[in-house]
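Inside the fold
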Amino acid sequence: MGVSVSVLASGSRGNSTIVRSSSTRILVDAGISCSETFKRMKAAGDDPHSLSAILITHEHTDHVSGLLVLARKLKVPVYMTGATHQAWSRSMRDAAGERPQLERLECFSSGHSFQIGDIGITPFTIPHDAVDPVGFAFRAEGIKIAIATDLGRLLANVKDNLRACDVLVIESNHDLEMLRDGPYPWSVKQRVMSRVGHLSNEAVSDFLEKNYDGNASYVILAHLSECNNLPELARVTAERALRDRMSLLANKLILAQQDAPLEPICL
Ligand SMILES: [Zn+2]
Ligand SMILES: [Zn+2]
């Protein structure tokens, strides 16, 4: 069976990814509805009831909107930082009037690795306007998968965690020019562009040119803005950066989608 990854949904209307080893299946973020998650898991060949755990990167709605229903139906442990849990339950209480209860909550701290089944997980801090946002590096069977979306900058600690990956899922949120000229109010544009906002195509290109070690078999561009980006623009910008480093042409470039799951990537 080996290690594999499926991006079920990616973008500001919901994010969810599955990381699998031979014996463990982890759902990273629960940003689409429970029924849609089940539908997409089945399309990707997974039985939802085979999930081992749910991991949450941060409390923004596009990463947690399906969490409560999923956790109640599947009765699997939910892993997030203590601060993220507090922020999430506060926002749920404000919306519904009661504090949501997770039957099985496991809190982790950024920088401290832990294990679920045979998958080792390292959460690392990312700069984003949430209370305690993290990216994740997963290790199993000699394979490393890293997921880093929703971050304003690629700080040194993030770059460290993106080294020696077999699959790199990285945000390519917006084209700077489209964002500047686009319909968002100026305050929102500033937020997206800020140090705790989202990564632009240009920032990813810069990383691929200057810092990326070229190790990944697959580079997945994720969390593309539907308003301030075009898939082809994100692809061409990243391809140009890879082309300028001929040694990286073996890296397959894939674009994650909002409305359909990607084919599982098997390693
Ligand atoms: Zn997001
Ligand atoms: Zn976010």
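Relevant structure appears above.
For the structure given in this document, a descriptive report is provided here.

Quick notes on the rules
Residues numbered from 1 in each chain as written. Chains lettered and ligands numbered in written order. Predicted model: local features only at pLDDT ≥ 70, side-chain atom pairs only at ≥ 80, totals over all residues. Heavy atoms only, no water. Core = buried A, V, L, I, M, F, W, Y, C linked by side-chain atoms within 4.5 Å. Buried < 20%, exposed > 50% of the residue type's maximum accessible area, 1.4 Å probe, protein only. Helix = DSSP H or I, 4+ residues; strand = E, 2+ residues; numbered from the N terminus. Contact = heavy atoms within 4.5 Å. Phe/Tyr/Trp six-rings, centres within 6.5 Å; stacked < 30°, edge-to-face > 60°. Donors = N, O, S within 2.8 Å, 3.2 Å for Na, K, Ca; no water. Tetrahedral: all angles 85-135°; square planar, octahedral: opposite > 155°, others 65-115°.

Our focus in this paragraph is the nonpolar core. Of all hydrophobic cores here, the largest spans 29 residues; its most connected members are I121 and F138. Ranked by residue count, the leading element in this core is strand β9 (residues 134–140), at four residues. Once residues within four sequence positions are removed from consideration, I121 is found in contact with I26, L55, H112, S113, F114, I116, F136, A137 and F138. Core analysis: the second largest hydrophobic core is formed by 28 residues, L154, A216, L242 and L253 among them.

As a further point, take the packing of aromatic side chains. What the rule picks out here adds up to five aromatic pairs. Relative to F114, the ring of Y79 lies with its centre 5.4 Å away and its plane at 5 degrees, an arrangement referred to as stacked. Within this pair, whereas Y79 is found in strand β5 (residues 78–81), its partner F114 is found in strand β7 (residues 114–116), the two being separated by 35 residues in sequence. In terms of burial, Y79 and F114 fall into one category: buried. Taking the centre distance of 5.9 Å and the plane angle of 45 degrees together, the rings of F207 and Y212 count as tilted.

This paragraph deals with the coordination of the zinc ion (ligand 1). Expected angles at a metal are 109.5 degrees for tetrahedral coordination by four donors and either 90 or 180 degrees for octahedral coordination by six donors. Protein ligation of the zinc ion (ligand 1) involves D62 (OD), H63 (NE2), D150 (OD) and H223 (NE2), the donor distances falling in the range 2.1 to 2.2 Å. Coordination at the zinc ion (ligand 1) is irregular, judged from the four donor atoms that bind it and the angles of 93 to 161 degrees they form at the metal. Each donor residue of the zinc ion (ligand 1) lies on one chain, and together they are spaced D-H-x86-D-x72-H. The distance between the zinc ion (ligand 1) and the zinc ion (ligand 2) is 3.5 Å, with D150 acting as a donor to both metals. Remark: H223 occurs in the loop between β12 (218–222) and α9 (231–243) and D150 occurs in the loop between β10 (143–148) and α5 (156–161); sequence separation between them is 73 residues. The same class applies to D150 and to H223, which are both buried.

What follows concerns the coordination of the zinc ion (ligand 2). Here the zinc ion (ligand 2) is held by H58 (NE2), H60 (ND1), H128 (NE2) and D150 (OD), and the distances to it run 2.2 to 2.5 Å. Taken together, the four donor atoms surrounding the zinc ion (ligand 2) define angles of 92 to 169 degrees at the centre, an arrangement classified as irregular. Read in sequence order, the donor residues for the zinc ion (ligand 2) give the motif H-x1-H-x67-H-x21-D.

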